[in-house]
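Residue-level structural notes
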Amino acid sequence: MKKKSKDTLAEDALINEVSEEVKNDQMKQLWNKYGLFVIIFVALALTVAVSFETFKSWINKKNEEISNAYAVAVSLQIQGRTEESLKIFETISQKSNLYSDIAKLQMANIYLEQEKNDKAIEILEFLSQGKGDNEQMQEIAILKLAGLKLEAGSPAEEIKHLLSPLIQSDGRNYTVAHELLAMLAIRDKNFNEAKQEYEYILASANSSDTLKSRAQDMITILEDQE
């Protein structure tokens, strides 16, 4: 009887251990699938390049020279001629106006492509602290910087503090900030907190249908981890 009891306990312990390993594997797959997606979205898709047409809509005829220079710089960047592109963006960035902030973001993107993260982070920190001339560029810099810090494993409080202005404003980037916070919570295995962040996304009128669908999927997955 005692032997059977010991065997049962050993079996239970083994089952618990295997279950925990399976759960950890599932969370690893979850992070690899969705964490990478969010980081790429913030670090690349959101800020990879302000399109030339959008840029043109922000300017008037007297700034045509700067807009043409920006278009050339973007074209060079696409062609992989990054050093030439950087020089033009550097010239544009010295202007104290909207163009300066856009050029700085593009420079940060190039530095990240070159794996010169320190230079990129220096630029993003400058913009994220509101030292630029445009609030929209500041918000994009905050999201990009938060994505990089998340990927690098920076402390949770540091990332939360960085994103707090966007969370409090309930503006256009509110939902993206909440998705980053959700991924942060998943990284740190705070699954209830992650669910709460996704619930904010579902409740927000600013959330796209795609984002809401992804949030609902994530809530379902997280519930399976409980």
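Residues numbered from 1 in each chain as written. Predicted model: local features only at pLDDT ≥ 70, side-chain atom pairs only at ≥ 80, totals over all residues. Heavy atoms only, no water.

1. Observations concerning the overall build of the protein
Note the cut-off: Numbering of helices and strands runs from the N terminus; a helix is a DSSP stretch of H or I covering at least four residues, while a strand is a stretch of E covering at least two. Burial status follows relative accessibility: with a 1.4 Å probe on protein chains alone, a residue under 20% of its type maximum counts as buried, one over 50% as exposed, and anything between as partly exposed. Two residues qualify as a contact provided that any one of their heavy atoms is within 4.5 Å of a heavy atom in the partner residue.
Within the protein, the regular secondary structure consists of 11 helices and zero strands. Seen in sequence order, the protein has helices and strands lined up from the N terminus as α-α-α-α-α-α-α-α-α-α-α. The proportion of buried residues among the 226 residues of the protein is 41%. Considering only intrachain contacts with a sequence separation of at least 6, the fraction spanning at least 24 residues in the protein is 56%.

2. Here we look at the packing of helix H7 (residues 135-152) against helix H9 (residues 174-187)
What counts is decided by this rule: Each axis is a line fitted through C-alpha atoms, and for a helix only the stretch in contact is used; angles between axes span 0 to 180 degrees, taken between their N-to-C directions. Should an angle fall under 35 degrees it is called roughly parallel, over 145 degrees roughly antiparallel, and 65 to 115 degrees roughly perpendicular, with every other angle called oblique. Under the grouping applied here, Gly and all other residues not named as nonpolar or charged are polar, the nonpolar ones being Ala, Val, Leu, Ile, Met, Phe, Trp, Tyr, Cys and Pro and the charged ones Asp, Glu, Lys and Arg.
H9 packs onto H7 with a crossing angle of 10° between their chain directions and a minimal axis gap of 11 Å. Taken together, H7 and H9 sit at an angle that is classed as roughly parallel. Residue-level contacts link Leu143, Ala146, Gly147, Lys149 and Leu150 of H7 to Val176, Ala177, Leu180, Met183, Leu184 and Arg187 of H9. In terms of residue class, the contact of H7 with H9 is built from eight nonpolar, one polar and two charged.

3. Section: the environment of alanine 141
Relative to the helices and strands, alanine 141 is located in helix H7. For alanine 141, a relative accessible area of 0% translates into the label buried. When the C-alpha atoms of alanine 141 and isoleucine 123 are compared, they prove to be 8.6 Å apart, with 18 residues separating the residues in sequence. Non-local contacts of alanine 141, meaning those with residues more than four positions away in its chain, are made with Leu105, Leu124, Leu127 and Ser128.

4. Remarks on the pattern of salt bridges
Stated precisely, the cut-off is as follows: Salt bridges are identified by distance alone: a Lys or Arg side-chain nitrogen within 4 Å of an Asp or Glu carboxyl oxygen.
On inspection of all chains with the given rule, the structure shows five salt bridges. Ionic pairing is found between lysine 160 and glutamate 193, a salt bridge with its closest N-O pair at 3.0 Å. Of this pair, lysine 160 sits in helix H8 (residues 156-169) while glutamate 193 sits in helix H10 (residues 191-203), and the two are 33 residues apart along the sequence. Judged by its relative accessible area of 27%, lysine 160 falls in the partly exposed class. Exposure remark for glutamate 193: the relative accessible area of 25% places this residue in the partly exposed category. For the salt bridge of glutamate 179 with arginine 214, the shortest nitrogen-to-oxygen distance reads 2.7 Å. Within this pair, whereas glutamate 179 is found in helix H9, its partner arginine 214 is found in helix H11 (residues 209-224), the two being separated by 35 residues in sequence.

5. Comments concerning the environment of leucine 145
With respect to the secondary-structure elements, leucine 145 resides in helix H7. In sequence terms leucine 145 and leucine 124 are 21 residues apart; their C-alpha atoms lie 6.2 Å from each other. With residues up to four places along the chain from it excluded, the contact list for leucine 145 reads Ile121, Leu124, Glu125, Ser128 and Leu162.

6. Notes on the packing of H9 against H11
Worth spelling out the cut-off: Note: crossing handedness is left-handed where the near helix turns anticlockwise from the far helix by less than a right angle, and right-handed where it turns clockwise.
Between H9 and H11, whose axes approach to 12 Å, the crossing angle comes to 20°. What the angle tells us is that H9 and H11 run roughly parallel. For the crossing formed where H9 meets H11, the hand is left-handed. Contacts between H9 and H11 involve Thr175, Glu179 and Ile186 from the former and Leu211, Arg214, Met218 and Leu222 from the latter. In terms of residue class, the contact of H9 with H11 is made up of four nonpolar, one polar and two charged.

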